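Residue-level structure breakdown
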Amino acid sequence: MGMERGELAGKICLVTGSSRGIGAAIARAAADQGAGVVIHYRHSAREASALLSELETKGTRALAVQADVGDERAVDAMFSLVEQKMGTVDLLVNNAGISLRKLITDTSIEDWYRVMDTNLKGVFLCSRRAVSPMIRQRYGRIVNIASIWGLHAGAMESVYAASKGGVVALSKSLATELGPSGITVNAICPGPVETALLKAELDTGELEALAADLPLGRLASPGDVAELCAFLLSERAAYINGQVITLDGGWKA
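A short tour of the structure in this document, coming up. Note that the structure is predicted; figures quoted are calculated from it, not measured.

**Notes on the packing of aromatic side chains**
Tallying each qualifying case throughout the model produces one aromatic pair. Considering the side-chain rings of W149 and W251, the 5.8 Å spacing of their centres and the 80° angle between planes classify their relative orientation as edge-to-face. With W149 in the loop between β5 (140-145) and α5 (158-178) and W251 in the segment after β7 (244-247), this pair connects stretches of sequence that are 102 residues apart. Exposure remark for W149: the relative accessible area of 19% places this residue in the buried category. Between the NZ or CZ atom of K11 and the centre of the ring of Y139, over which it lies, the distance is 4.9 Å. Stacked on the ring of W251, the Lys or Arg K252 has its end atom at 4.4 Å from the ring centre.

Listed below in structure tokens is the structure:
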């Protein structure tokens, strides 16, 4: 069954960090538009398995793959498995990321590498591995999930901000390099999104104060990010390239 005539029908979409939160919402949105979906996870095997079952029940071709995106060999093995079982990755969403809220004086070198390996090196490794087949077929879409902190200052966000600022710069450069091969690369910079990750960092009072500070009066939902991402993956966005789109309800306007 599935949506054979969805906008992404016939395409294979790999979403990193898609067992929950924003990534899971993006995986669902791609599936709703008819794409075959690869759910990537690092630790959340149970959530990935549940999402896989959910998508397959709807008639979506889907696969769940475990990998550390900061590990070159693991990334290569993941793509090789996907190519073997599903085919070429046409659409890549680099969403896997970890957060860190710490004063710079409390931040260890281990913290630095942990954040950079997943948030920036992971985007580099996955993009690098994805592009050769995309170049051969002269078609591809890459959407990188960065962050508002990659564009704006935030106390206690220095290392996280540096990683996401790197994603922004990498996205723009790749767009310029890969555009002639028919590949577009764009980045989304969400503001606060209502996920388990954010709820673990902020208490109810802090979340309510943050929502009150946003012009639209609410945090973004994972679905808000997924809607924009699905659009950027579609043919309707064929001429959008090298863009960094802030999705924050007007917070930093």
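**Let's talk about unusual backbone geometry**
Excluding glycine, residues mostly have negative phi values, and the peptide bonds linking residues are mostly trans. A positive phi is found at R138, a non-glycine position, where the angle reads about 55°. Within the fold, R138 resides in the loop between α4 (109-137) and β5. Positive phi outside glycine occurs at M156, with the angle close to 65°. Position of M156 among the secondary structure elements: in the loop between β5 and α5.

**A few points about the pattern of salt bridges**
Two side chains of opposite charge can pair, provided their charged atoms sit close to one another. Applying the stated rule across the entire model yields 13 salt bridges. Of the charged contacts, one joins E54 and K58 as a salt bridge, the two residues approaching to 3.9 Å between their closest N and O atoms. Accessibility expressed as a relative area gives 44% for K58, which makes it partly exposed. A salt bridge links R129 to E83, with the nearest nitrogen and oxygen atoms 2.9 Å apart. Of this pair, R129 sits in helix α4 while E83 is found in helix α3 (residues 72-85), placing the two residues 46 residues apart along the sequence. Each of R28, E54 and K58 takes part in one network of salt bridges that share partners.

Calculation rules
Residues numbered from 1 in each chain as written. Predicted model: local features only at pLDDT ≥ 70, side-chain atom pairs only at ≥ 80, totals over all residues. Heavy atoms only, no water. Phe/Tyr/Trp six-rings, centres within 6.5 Å; stacked < 30°, edge-to-face > 60°. Helix = DSSP H or I, 4+ residues; strand = E, 2+ residues; numbered from the N terminus. Buried < 20%, exposed > 50% of the residue type's maximum accessible area, 1.4 Å probe, protein only. Lys NZ or Arg CZ within 6 Å of the ring centre and 35° of its normal. Salt bridge = Lys/Arg side-chain N within 4 Å of Asp/Glu carboxyl O.

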